[in-house]
Structures are given as C-alpha cells and as structure tokens.
Amino acid sequence: MRYAVLIALLAFPVAADEREPFYGTWGTPEQCDRTPIKPGGTVLAAPFEISSEWMRHGPVWCRLTWFPIQSREDGAFTGAHAQCGEDAVRGYILGMELSGAALSLRWDFLLSNGPFTRCDGE
C-alpha cells in the first residue's frame, strides 16, 4: 500500500526548468574521455547522457518519465521511471541525487552508479 501511495505522489508532472540541473553528460574521467575499457580494446567507457525525455549510456537508451524534485541542502533529489532497451524493454525506478557538483544514480534501490561529475564542455 505504501508503494502505491508513493508512486501516485511521484507521478505528478514536473516543470522542465526544475530538472535542468540533472541534464547533461555525466561520468568518471575515463567515461568522459571515452577511454577503452581494456587497453587496446574497441569497447569504450561511456558517460550517462541525460536529457528531458531520454538517458543514454553507450548503446542503451532509456525513456524517462520524471518524478517531482526534492530540494536538499546541498543539491536535489528526483527519480524517474526508466524504460530501457529496444526489443525487450525493461522498466526501472531510477533515483538521481545531485549533491554539490556530483550526480549519483540508484537503479531499483539495488544498484548504484557514481558519484559522477559533468564531462568537460558543458
């Protein structure tokens, strides 16, 4: 029951300007430089590219349906329903925490990535 109420509360539309701090290209220095994962390899590390409707990580695209923004003392927190893939779409609840200049991602509360910084040029 708690989850149903939480999802209902998080489903309200959010003004695009509130989400702008989350937009951009985020990663580790290796991801931002698109460094080969293995020395001499052809598969490159990829940053997370986040926009108003999509998130891309390498060849994987996710359609984002945003939840409301929660202001925090040193940043903001939000979430999104992320539908990722092409032929076999998988859904995730994606938490995004912006703390200072660092972004952390949490997938279905089980897996986390980050903290990341903005890639140069943004």
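These figures come from a predicted structure and were not determined experimentally.

A. Main features of the overall build of the protein chain. The helix and strand inventory of the protein chain stands at three helices and nine strands. Reading the helices (α) and strands (β) of the protein chain from amino to carboxyl end gives α-α-β-α-β-β-β-β-β-β-β-β. Taken over 122 residues, the protein chain has a buried fraction of 30%. Of the contacts formed within the protein chain by residues at least 6 apart in sequence, a portion of 36% connects residues at least 24 apart. When the accessible surface of the protein chain is summed, it comes to about 8,000 Å², and 57% of that surface belongs to carbon and sulfur atoms.

B. Highlighting the pattern of salt bridges. Within the structure shown, the criterion is met by four salt bridges. Glu49 serves as the salt-bridge partner of Arg34, at 3.3 Å between the closest nitrogen and oxygen. Of this pair, Arg34 sits in the loop between α3 (29-32) and β2 (48-50) while Glu49 is found in strand β2, placing the two residues 15 residues apart along the sequence. Because the salt bridges share partners, they merge into one network encompassing Arg34, Glu49 and Arg56.

C. View of the layout of surface pockets. Roughly 150 Å³ of internal volume is contained in the second largest pocket. In this structure, the second largest pocket is lined by 13 residues; those nearest its centre are Leu44, Ala45, Ala46, Gly58 and Pro59. Of the residues in the lining of the second largest pocket, the class split is seven nonpolar, three polar and three charged.

D. Expanded view of the state of the cysteines. Applying the stated criterion across every chain, the model contains two disulfides. Between the sulfur atoms of Cys32 and its disulfide partner Cys119 the distance amounts to 2.0 Å. Handedness of the Cys32-Cys119 disulfide follows from its S-S torsion of about -75°: it is left-handed. Highlighted residues: Cys32 in helix α3 and Cys119 in the segment after β9 (111-118), separated in sequence by 87 residues. Comparing Cys32 with Cys119 shows no difference in burial state: the two are buried. The side chain of Cys62 participates in a disulfide bridge whose partner is Cys84; the two sulfur atoms lie 2.0 Å from each other. Of note, the bridge from Cys62 to Cys84 carries an S-S torsion of about 110° and is right-handed in sense.

E. Layout of the confidence of the model for the protein chain. Of all residues in the protein chain, 84% have pLDDT values of 70 or greater, and the mean over the chain is 87. In this model, residues 2-14 is a region of pLDDT below 50 whose contacts with residues beyond four sequence positions or in other chains number 10 contacts.

F. Examining the environment of Gly100 more closely. Topologically, Gly100 is positioned in the loop between β7 (90-99) and β8 (102-107). Taking relative accessible area as the criterion, Gly100 reaches 51% and is therefore assigned exposed. Considered as a pair, Gly100 and Arg72 are 28 residues apart in the sequence and their alpha carbons are 10.0 Å apart.

G. Seen up close, the environment of Leu98. Note that Leu98 resides in strand β7. C-alpha of Leu98 to C-alpha of Thr117: the two residues are 19 residues apart in sequence and 9.9 Å apart in space. Those residues within four positions of Leu98 in sequence are excluded, and the remaining contacts are Pro21, Phe22, Trp26, Asp74, Gly75, Ala76 and Leu103.

Reading the values: the criteria
- Residues numbered from 1 in each chain as written.
- Predicted model: local features only at pLDDT ≥ 70, side-chain atom pairs only at ≥ 80, totals over all residues.
- Heavy atoms only, no water.
- Helix = DSSP H or I, 4+ residues; strand = E, 2+ residues; numbered from the N terminus.
- Buried < 20%, exposed > 50% of the residue type's maximum accessible area, 1.4 Å probe, protein only.
- Contact = heavy atoms within 4.5 Å.
- Areas by Shrake-Rupley, 256 points an atom, 1.4 Å probe, with all protein chains shown as cover.
- Salt bridge = Lys/Arg side-chain N within 4 Å of Asp/Glu carboxyl O.
- 1 Å grid on protein atoms, 1.4 Å probe; cavity = no way out; pocket = protein on both sides within 12 Å on 5 of 7 lines; lining within 4 Å.
- Points joined across faces, edges and corners; volume = space filled by probe spheres on them.
- Nonpolar A, V, L, I, M, F, W, Y, C, P; charged D, E, K, R; others polar.
- Disulfide = S-S within 2.5 Å.
- pLDDT = per-residue confidence, 0-100.

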